[in-house]
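Residues per chain are reported as follows:
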Amino acid sequence: MELKCTIQMYDWGKRGMNSIVASLIKSANADFIVDEQKTYAELWMGTHKNGPSYLKDTDVPLQKYIQENIETLGGNGVQMFGSNLSFLFKVLSISKALSIQVHPDKKKAKELHELYPDIYKDPNHKPELAIALCPFEALCGFRPLDEIKDYLNNISELFAVVGETNVHRLSQAADSTISDALQQCFYSLMTCDSNKVTQQLRSLIDRLHNTDDSYRQWIKANLLERLHGDYPGDVGCFAIYLFNYVTLQPGEAIYIGPNVPHAYLSGDCIECMACSDNVIRAGLTPKLKDVETLIQVLSFECKSSSVKKIQPFREDTFTQVFRPPVSEFAVAKITLPPGRPSYSLKPRNSPSILLIVGGKAKISSKIFSRGSVLFIPANDEVEMKVLCGCHPMLMFQAFSNV
């Protein structure tokens, strides 16, 4: 069943046909008009109330269809997740940084939703997986401690906003008190007087004009200048010295668990998560910054960026599957070479959503091409006839990890 899906027009998205979101929708819907001045940030595929999908032929909400046809969820799905789709599938097209944020665990998500339902929209957690479609940049998790200390002690402007007492305490901390000392450093940075932050950022940006290439590379000058250009005076610009800077090549992925600080910076990706929209923000955003709550839940574990990348396993010749350590979702990347006449999608024991990113195929007498999104009930085997093309056919399939 083909789906009609929701587009989110967030400010950080790419404009017009520069956005893969707009490009995919236009490809699958010839009558869709792309406004080159608008930002097409996210494509949501699923049942979340903030961006639900509909069956394209009947305009019935996917959530309603599933509840009226509970067998589409499969036995394991119903047992674990009730009458709901367990995941939210997305495409992101990022022109400038998303907010520095964390997603709370299930217990905290439920608590925040009950206290502040207008801010924290649902009671679910939001672990997530991002698979790069092009070179992709992100901040993810705290850097190794030695790197953080190096930046704190050698960037005078960062030293000034974090505070001498806090930097000294972190430098002298024993293993048992490192987390507390780092927490205080981060809290002091995030709550520093905004005028002081603006002044110190301006000082740092100005100083970089007179430094050599090796220093600019160490201090990540290009990244800092880009973030400051998009979010002038925002305290989140300093976060690049505390968090791992991660770059992904197409097909590489990162998994972000509960309470891990992160921010996507640029690029296009496939994203999958538990069905939630809960976000606690702290910087690089004009939206509400809830620093107090963020500090309560934040993981202050310091690890290198390589730990955050998740490796797929090969399911068959054409399929790689990313399985994060949660039950709500997994994602298969399916690449069919030119000249392959047919392919059978492996039946899944949960419902799945299939996105065609490139290529064209005939399924049950209908032709689906780039941008088509299909809902596949649990245990269905889908036979597709791959139509002629000189490029590989690329698809992503999200399903429950049960």
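Model, not experiment: these values are computed from the prediction.

## A short note on the overall build of the protein
Counting its secondary structure elements, the protein contains 12 helices and 24 strands. Principal-axis analysis of the C-alpha atoms places the extent of the protein at approximately 70 × 45 × 40 Å. Burial status across the protein gives 55% buried among its 402 residues. Within the protein, residue pairs in contact and separated by at least 24 positions form 75% of the contacts whose partners lie at least 6 positions apart. For the protein, the exposed area adds up to about 17000 Å²; of that, 49% sits on carbon and sulfur atoms. One way to put it: in the protein the 42 positive side-chain charges average out to a point 4 Å from where the 44 negative ones average out.

## Let's talk about helix α8 (residues 178–190)
In an α-helix, one full turn covers 3.6 residues, which means residues spaced three or four apart are oriented alike. Taking 1.5 Å per residue as the helical rise, α8 with its 13 residues ought to reach 18 Å, and the 18 Å between its terminal C-alpha atoms agrees with that figure. Residues of α8 that are buried: Ile 178, Ala 181, Leu 182, Cys 185, Phe 186, Ser 188, Leu 189 and Met 190.

## Quick notes on the nonpolar core
With 56 residues, the main nonpolar core has Phe 142, Leu 158, Phe 186, Leu 224, Phe 238 and Tyr 241 as its most contacted residues. In terms of residue count, α8 provides more of this core than any other element does, seven residues in total. Each of two domains, domain 1 (2–140 + 246–289 + 304–310) and domain 2 (144–239), supplies a minimum of three residues to this core.

## Regarding helix α5 (residues 145–154)
Taken together, the buried positions of α5 are occupied by Leu 145, Ile 148, Tyr 151 and Leu 152. Looking down the long axis of α5, one finds its buried residues gathered within 130° of arc, a one-sided arrangement. The elements touched by buried residues of α5 are β10 (136–142), α6 (156–162), α7 (164–172), α8 and α10 (213–218).

## Section: the UniProt feature "binding site: Zn(2+)" (unreviewed entry) in the protein
Here the UniProt feature "binding site: Zn(2+)" (unreviewed entry) sits at Gln 101, His 103, Glu 128 and His 262. Despite a sequence span of 162 residues, these residues sit close together in the fold, their greatest C-alpha distance being 12.5 Å. Note on placement: Gln 101 falls in strand β8 (residues 100–102). Relative accessible area serves as the criterion here: at 9%, Gln 101 is assigned to the buried category. Beyond its immediate sequence surroundings of up to four residues, Gln 101 is in contact with Val 260, Pro 261, His 262, Val 279, Ile 280 and Arg 281.

## Considering the environment of Lys 110
Assignment of secondary structure puts Lys 110 in helix α4 (residues 106–115). Given the relative accessible area of 48%, Lys 110 is considered partly exposed. Along the sequence, Lys 110 and Val 21 sit 89 residues apart, while their C-alpha atoms lie 31 Å from each other.

## Regarding unusual backbone geometry
For residues besides glycine, phi is generally negative; the peptide bonds are generally trans as well. Here Asp 59, not a glycine, exhibits a phi torsion of approximately 65°, which is positive. Within the secondary structure, Asp 59 is located in the loop between β6 (54–55) and α2 (62–68). With phi around 70°, Asn 259 is a residue other than glycine that occupies positive phi space. You can see Asn 259 is positioned in the loop between β12 (253–256) and β13 (262–274).

Rules used throughout
- Residues numbered from 1 in each chain as written.
- Predicted model: local features only at pLDDT ≥ 70, side-chain atom pairs only at ≥ 80, totals over all residues.
- Heavy atoms only, no water.
- Helix = DSSP H or I, 4+ residues; strand = E, 2+ residues; numbered from the N terminus.
- Buried < 20%, exposed > 50% of the residue type's maximum accessible area, 1.4 Å probe, protein only.
- Contact = heavy atoms within 4.5 Å.
- Areas by Shrake-Rupley, 256 points an atom, 1.4 Å probe, with all protein chains shown as cover.
- Lys, Arg positive; Asp, Glu negative; His and termini not counted.
- Charge placed at Lys NZ, Arg CZ, Asp CG, Glu CD.
- Expected span 1.5 Å × (residues − 1).
- Core = buried A, V, L, I, M, F, W, Y, C linked by side-chain atoms within 4.5 Å.
- Domains from an automatic or database assignment.
- Arc of directions from axis to C-beta.
- UniProt positions renumbered as here; feature names shortened; annotations may be inferred.

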